[in-house]
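One-letter residues, chain by chain:
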Amino acid sequence: MVIFSLTTHSYRFFSDLQTCLNVWGKSLDKLIGETIFCIWSVWDVKNKMWFDNAPVLIECASGILSVNVKNEKYLAIGWNDILLSDKPIWSIGNQGREIEGVECQKDFIWKKCDIVKEVFHKTIKKISPMQNHFGLFGMDFSFYDGTILYIYDTGSTVFLTYTKSTQLKASHKYIQIRHWDYWWCVYNMMERHCLSGVEFSITDDVNGEKQFFHLDLYSLIELESTIRIQEFVQPEDPFYCYFLNQIERLRQGKIDYFIGWLYYQDYKPNIKQCNRFLKKGQSIFDMKTPQISPYYAVVFIGEKAPLLPSILIHWLEKLSVPLFDQAITFEIANIPTKAQAKELWNRNI
């Protein structure tokens, strides 16, 4: 396999947190108190977009730290001695041997990642590898003002984002699955292939009273047949071709997920709000609907395995930053026992 390597130093991918810290822990600790000058990534000049499969470079006083992640479970950290004024090149493995005749390399340049410029010139407080159920999928850099930079793998791309200190919220939420057919599949009372979709609520409390969001999550298994696809979008729908294209991109691994629908609560102004424009000398057309956030989404994911609890938690933690703009850990609340599920199953057959 060709790996986009940009250093003459050898490097190593880790999937185990403790092994990674045994090798890199002391080096990362030495960066605490240093200032990040800039963050660099590879820009595709021809297509005018970021080349998301390349390592991300963190420039600080000690040098340039390279962070690379792949397959959502392998993390590589390394020092980089390249010149940012030079164009990136393809090389084989971790030996820095350039691959000759690769035409696309001329279209790449190193470019400042202005999308995370908020973290430029901030002082590092803590650096931590990001871990999920499968391995190490990224790094987060915490700063003294409460801002956190996330560099992590979404399956096919390396993603960068940050959370401002004013946006920090509780980072632990609960999954409430109230449909018994899910648990009947988990406990093998129904076929496991039925676990291709799951509907659930996300709450701030374990009892499920403080609603955060609602999701329907569907895997690739749910999209295997044209018949099933047409249950989601009809062929006469103007966006049917777009929907099919998104499914194909999902199958090919070009994207890891896409949103099928967003749902919003109905807005109905009260009588006082209905008459407000009269006092302001405005017309009835000035009564605009306020901006309302969605409360419910249908998301299709590039997962081929049944959506068992561990897989479900993995995907929610992976999607938490791009969907909710915060890193969240999850646990499933109110899990019924197998005996409870079987008792209800027997009553319903």
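Residues numbered from 1 in each chain as written. Predicted model: local features only at pLDDT ≥ 70, side-chain atom pairs only at ≥ 80, totals over all residues. Heavy atoms only, no water.

**Student:** Which residues make up helix α7 (residues 309–324), and what values do they have?
**Tutor:** Largest kink in α7: about 35°, centred on Lys318, with the proline Pro322 one to four residues after it. Among the 16 residues of α7, 12 are classified as buried, and the element is accordingly described as predominantly covered. Three or more residues of α7 are buried, namely Ile311, Leu312, Ile313, His314, Trp315, Leu316, Glu317, Lys318, Leu319, Ser320, Val321 and Phe324. Phi turns positive one or two residues past the end of α7, at Asp325, with a value near 60°. (Bend = angle between axes of the 7 residues up to and from the residue. Helix = DSSP H or I, 4+ residues; strand = E, 2+ residues; numbered from the N terminus. Buried < 20%, exposed > 50% of the residue type's maximum accessible area, 1.4 Å probe, protein only.)

**Student:** I'd like to hear about the environment of Gln230, residue by residue, with values.
**Tutor:** By the element assignment, Gln230 lies in helix α3 (residues 226–232). Given a relative accessible area of 30%, Gln230 falls into the partly exposed group. Distance from Gln230 to Leu244, taken between C-alpha atoms, is 9.9 Å for residues 14 residues apart in sequence. Those residues in contact with Gln230 that sit more than four places away from it in its chain are Pro235 and Tyr240. (Contact = heavy atoms within 4.5 Å.)

**Student:** So what's going on with helix α1 (residues 17–30)? Residues and values would help.
**Tutor:** Over its 14 residues, α1 extends 18 Å from the first C-alpha to the last, a length consistent with the 20 Å expected when each residue adds 1.5 Å. Those residues of α1 that sit buried are Cys20, Trp24, Gly25 and Leu28. Here the buried face of α1 lies against β1 (13–14), β5 (63–70), β6 (74–80), β10 (124–131) and β11 (136–143). Two or three places before Gln18, at the opening of α1, Asp16 has a side-chain oxygen 3.3 Å from that residue's backbone nitrogen. (Expected span 1.5 Å × (residues − 1). Polar contact = N/O pair within 3.5 Å; in protein donor to acceptor, adjacent residues only side chain to side chain.)

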